[in-house]
Amino acid sequence: MQKEQLYGRRVLINQAQPAPFGLVGEKTMVIRGSVVICRRCNARLKKTDVALPDGSCYCPVCLNLGRVTSHDYFYHLEEPNHFSPLPDPCSWQGQLSPLQEVVAREVARGMAEHHHRLLWAVTGAGKTEMIFLALTEALKRGERVAIASPRVDVCLELYPRLQAAFKKVPIALLHGKNPQPYQYRQLTICTTHQLLRFYHAFDNLVIDEVDAFPFASDPGLHFAASQAIKEDGGLLYLTATPSKELLERVRQKKLKVSYLPQRFHGHPLPQIQTVLVGRWRKKLNKGVLPRQTKTWLVTRIKRHQEFLLFVPHVVDLVPIARALKNELGAVKFMTVHASDPDRLDKVQAMRDHQLAFLVTTTILERGVTFPGIDVGVLGADSEIFSTAALVQIAGRVGRSLERPGGAVTFWIQENSRRIEEARRQIAEMNRRARKLK
Ligand SMILES: [Zn+2]
């Protein structure tokens with residue numbers, strides 16, 4: 001092991017192994033009477049629930065990062081920012097719009113002062129490009145920076161974009177499915193789970209799609225983010241659909257905010273169209289599609305107009321695939337869901353235009369761009385689709401300058417409050433964007 005493997009990290013080492021570099025290890029768990037606290041993920045556990053036969057305890061909560069037991073130790077070296085100076089790290093040749101430019105400068109100034117800030121920008125506003133200036137300046141200052149997201153798909157989309165924009169900067173990509181070993185890098189892209197392995201590492205941390213599952217509802221991941229940054233480290237949250245909690249922190253002035261209600265190309269967000277289709281699951285089980293859905297699909301397939309077709313649950317994928325084959329014949333499509341082993345390849349096939357369309361669950365609701373697509377959601381009134389998810393799904397459409405509009409069609413059994421709220425939010429963003437002109 002090299003020393004830099006420990007910079008800003010909490011490396012778990014089994015009790016049987018020698019301490020690296022003569023360091024004194026830190027206990028992995030705190031035991032207070034009948035309560036055990038994991039120092040990696042901050043989970044509070046009942047001792048009797050997590051006791052092992054050898055008398056030690058383990059943490060089931062962060063198990064997927066390697067098992068922490070109370071007999072093991074964490075080893076850590078303070079982050080020294082051992083990076084070669086980068087006088088000109090950014091190789092991006094693009095141009096920001098005047099509105100993007102204003103936000104980019106505000107974010108860069110905030111990052112220089114290690115602010116905790118929310119960048120609230122509509123879907124397709126160009127959030128990533130808007131943080132390039134801030135990243136460039138942070139790298140020039142010799143800071144260690146990470147961009148984390150709750151979604152692995154978001155990390156996988158960010159990585160090539162960041163590599164292209166910062167060609168001279170080696171970037172580490174860390175997620176559960178990456179077989180590459182950990183590397184000490186000035187710039188890291190990782191899932192929010194991976195933050196649990198860092199300790200006071202980053203001068204600035206960006207969390208993209210901060211309101212997405214599982215980050216939003218997981219206090220362990222919030223703890224991870226707060227531990228991963230240095231004590232005076234900056235935090236930048238990015239999203240198009242901030243949660244009530246985030247907006248409340250903005251209202252209480254605990255979080256600064258930068259706001260952009262307009263897309264990069266200046267065109268409005270496409271509005272949601274709803275169509276009542278009755279009991280669609282019953283139809284699928286008979287191998288047929290709702291009539292209106294079939295018409296929508298056929299029209300697009302004939303025009304070679306690519307689209308995403310969302311369904312509420314994994315169990316809906318088999319019946320819809322059967323009905324699609326039955327009704328549409330030999331059209332090339334695939335279905336994908338969160339634990340699909342071929343998930344990454346299927347998304348890539350859609351990117352490479354090898355498919356007419358992709359049928360998906362909510363995993364592709366955000367953070368992914370397929371330029372020029374339409375979107376249909378069968379069963380958009382299902383409870384699985386939150387208002388934020390519906391706004392994000394609608395936001396997949398109209399993201400290219402060549403096709404700034406497009407169709408967002410929701411087939412529903414009955415009207416839902418969540419859809420009404422999503423429509424209201426989209427209309428409100430468009431109203432605010434018009435006022436900017
Ligand atoms: Zn844990």
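**Looking at the overall build of the chain**
Along its length, the chain carries 13 helices and 19 strands. Over its C-alpha atoms the chain spans a radius of gyration of 23 Å, differing by no more than 12% from the 22 Å that the globule rule assigns to 437 residues. Projected onto its principal axes, the C-alpha positions of the chain cover 70 × 55 × 40 Å. For the chain, the proportion of its 437 residues judged to be buried stands at 55%. Contacts in the chain between residues at least 24 apart in sequence constitute 75% of all its contacts with a sequence separation of at least 6. If you sum the accessible surface of the chain, you get close to 20,100 Å²; carbon and sulfur atoms cover 52% of it. Taken as two groups, the 62 positive and 41 negative side-chain charges of the chain have centres that lie 4 Å from each other.

**Focus: the environment of Q100**
Among the structural elements, Q100 can be located in helix α2 (residues 98-112). You can call Q100 buried: its relative accessible area is 6%. Between the C-alpha atoms of Q100 and M130, which are 30 residues apart in sequence, the distance is 6.2 Å.

**A short note on helix α4 (residues 132-140)**
Buried within α4 are the following residues: F132, A134, L135, T136, A138 and L139. Those residues of α4 hidden inside the fold are in contact with α2, α3 (127-130), β8 (145-149), α5 (152-165) and β10 (187-191). Immediately beyond the C-terminal end of α4, within one or two residues, lies G142, with a positive phi of roughly 80°.

**A few points about the packing of aromatic side chains**
As enumerated under the stated definition, the model contains 11 aromatic pairs in all. With a centroid separation of 4.7 Å and an interplanar angle of 65°, the aromatic rings of W120 and Y259 are classed as edge-to-face. In this pair, W120 sits in strand β7 (residues 116-121) while Y259 sits in strand β13 (residues 256-260), placing the two residues 139 residues apart along the sequence. The class of Y259 is partly exposed, set by a relative accessible area of 25%. Judged by centre distance (4.8 Å) and plane angle (50°), the ring pair of F198 and F202 falls under tilted. For the pair F198 and F202, one class covers both residues: buried. A connected cluster of aromatic rings, assembled from ring pairs, spans W296, F307, F333, F357 and W411. Between K3 and the ring centre of F21, over which it is positioned, the NZ or CZ distance is 5.7 Å. A cation sits over an aromatic face here: R67 above Y58, 5.8 Å from the ring centre.

**A word on helix α6 (residues 219-228)**
Counting buried residues along α6, 7 of its 10 residues qualify, which places the element largely inside the surrounding structure. Among the residues of α6, G220, L221, F223, A224, A225, Q227 and A228 are the ones counted as buried. In this fold, the buried residues of α6 make contact with β11 (202-208) and β12 (229-239). Sitting at the amino-terminal end of α6 is D218, which places a side-chain oxygen 2.8 Å from the backbone nitrogen of G220.

**Regarding the domain arrangement of the chain**
We note that the domain assignment places domain 1 (3-75), domain 2 (98-260) and domain 3 (273-435) within the chain. Taking the mean C-alpha position of each, domain 1 and domain 2 sit 27 Å from one another. Between domain 1 and domain 2, the residue contacts involve 14 residues of the former and 14 residues of the latter. At the boundary of domain 1 with domain 2, total buried surface from both sides reaches about 1,400 Å², with 53% on carbon and sulfur atoms. In terms of surface lost to domain 2, no three residues of domain 1 exceed R9, R10 and L65, which account for 46% of the buried area on that side. The tally of links from domain 1 across to domain 2 stands at 0 salt bridges. Across the side of domain 1 that touches domain 2, the residue classes tally to 4 nonpolar, 5 polar and 5 charged.

**Structural notes on the coordination of the zinc ion**
Taken together, C38 (SG), C41 (SG), C59 (SG) and C62 (SG) make up the full set of protein donors to the zinc ion, lying 2.3 to 2.4 Å away. Donor residues for the zinc ion, ordered by position in the chain, follow C-x2-C-x17-C-x2-C. With C38 in strand β4 (residues 35-38) and C62 in the loop between α1 (47-50) and β6 (73-75), this pair connects stretches of sequence that are 24 residues apart. There is no split in this pair, since C38 and C62 are both buried.

**With respect to the sheet that holds β13**
Across the sheet, which stays open at both edges, the 7 strands sit in the order β9-β10-β8-β11-β12-β7-β13 with parallel pairing between neighbours. Each edge of the open sheet is held by one strand with a lone partner, namely β9 (171-174) and β13. The sheet shows a mean angle of 15° between the axes of neighbouring strands, taken without regard to direction. Pairing of β8 with β10 involves 5 bridges; the strand directions are parallel. Each bridged residue has a counterpart across the sheet, and for V145 the counterpart in β10 is L187.

Procedures and definitions
- Sequence order as written defines the numbering, with residues in each chain counted from 1.
- Totals for whole chains, interfaces and linings use every residue, but because this is a predicted model, local features are given only for residues with pLDDT of at least 70 and side-chain atom pairs only at 80 or more, for both listing and counting.
- The side-chain figures draw on all heavy atoms in the structure; neither hydrogens nor water molecules are used.
- By the criteria applied, helices consist of DSSP H or I runs no shorter than four residues and strands consist of E runs no shorter than two, each listed in order from the N terminus.
- Values of the radius of gyration come from C-alpha atoms, whereas the globule rule sets the reference at 2.2 Å times the count of residues to the power 0.38.
- Relative accessibility thresholds used throughout: buried, under 20% of the residue-type maximum; exposed, over 50%; partly exposed, between the two (1.4 Å probe, protein chains only).
- What makes two residues a contact is simply this: any of their non-hydrogen atoms within 4.5 Å.
- Per-residue accessibility takes into account occlusion by the displayed protein chains alone, with areas from the Shrake-Rupley method and a 1.4 Å probe.
- Positive charges come from Lys and Arg alone, negative charges from Asp and Glu alone, with His and the N- and C-terminal ends not counted.
- A charge is said to be at NZ when it belongs to Lys, at CZ for Arg, at CG for Asp and at CD for Glu.
- Any two of the Phe, Tyr and Trp rings considered here, Trp counted by its six-membered ring, make a pair once their centres fall within 6.5 Å; the pair's planes then place it as stacked at under 30 degrees, edge-to-face at over 60, or tilted in between.
- Here, a charge over a ring is recorded when the distance from Lys NZ or Arg CZ to the ring centre is within 6 Å and its angle to the ring normal is within 35 degrees.
- Definition of a polar contact: a pair of N or O atoms within 3.5 Å, with one able to donate and the other able to accept a hydrogen when the atoms are protein atoms, and with sequence-neighbouring residues admitted only if both atoms are side-chain atoms.
- Each domain's extent is set by a domain assignment, obtained either automatically or from a database.
- By buried area we mean how much accessible surface two parts lose on assembly, using a 1.4 Å probe and totalling the loss over both.
- The rule for a salt bridge is simple: a side-chain nitrogen of Lys or Arg has to be within 4 Å of a carboxyl oxygen of Asp or Glu.
- When residue character is reported, Ala, Val, Leu, Ile, Met, Phe, Trp, Tyr, Cys and Pro are called nonpolar, Asp, Glu, Lys and Arg charged, and the others, Gly included, polar.
- Sodium, potassium and calcium take a 3.2 Å donor cutoff, other metals 2.8 Å, and in both cases only N, O and S atoms count; water is not among them, so sites may look incomplete.
- We treat two strands as partners when DSSP finds at least two bridges between them.
- Orientation is described by axes fitted as lines to C-alpha atoms, over the contacting stretch for helices, and by angles from 0 to 180 degrees between their N-to-C directions.

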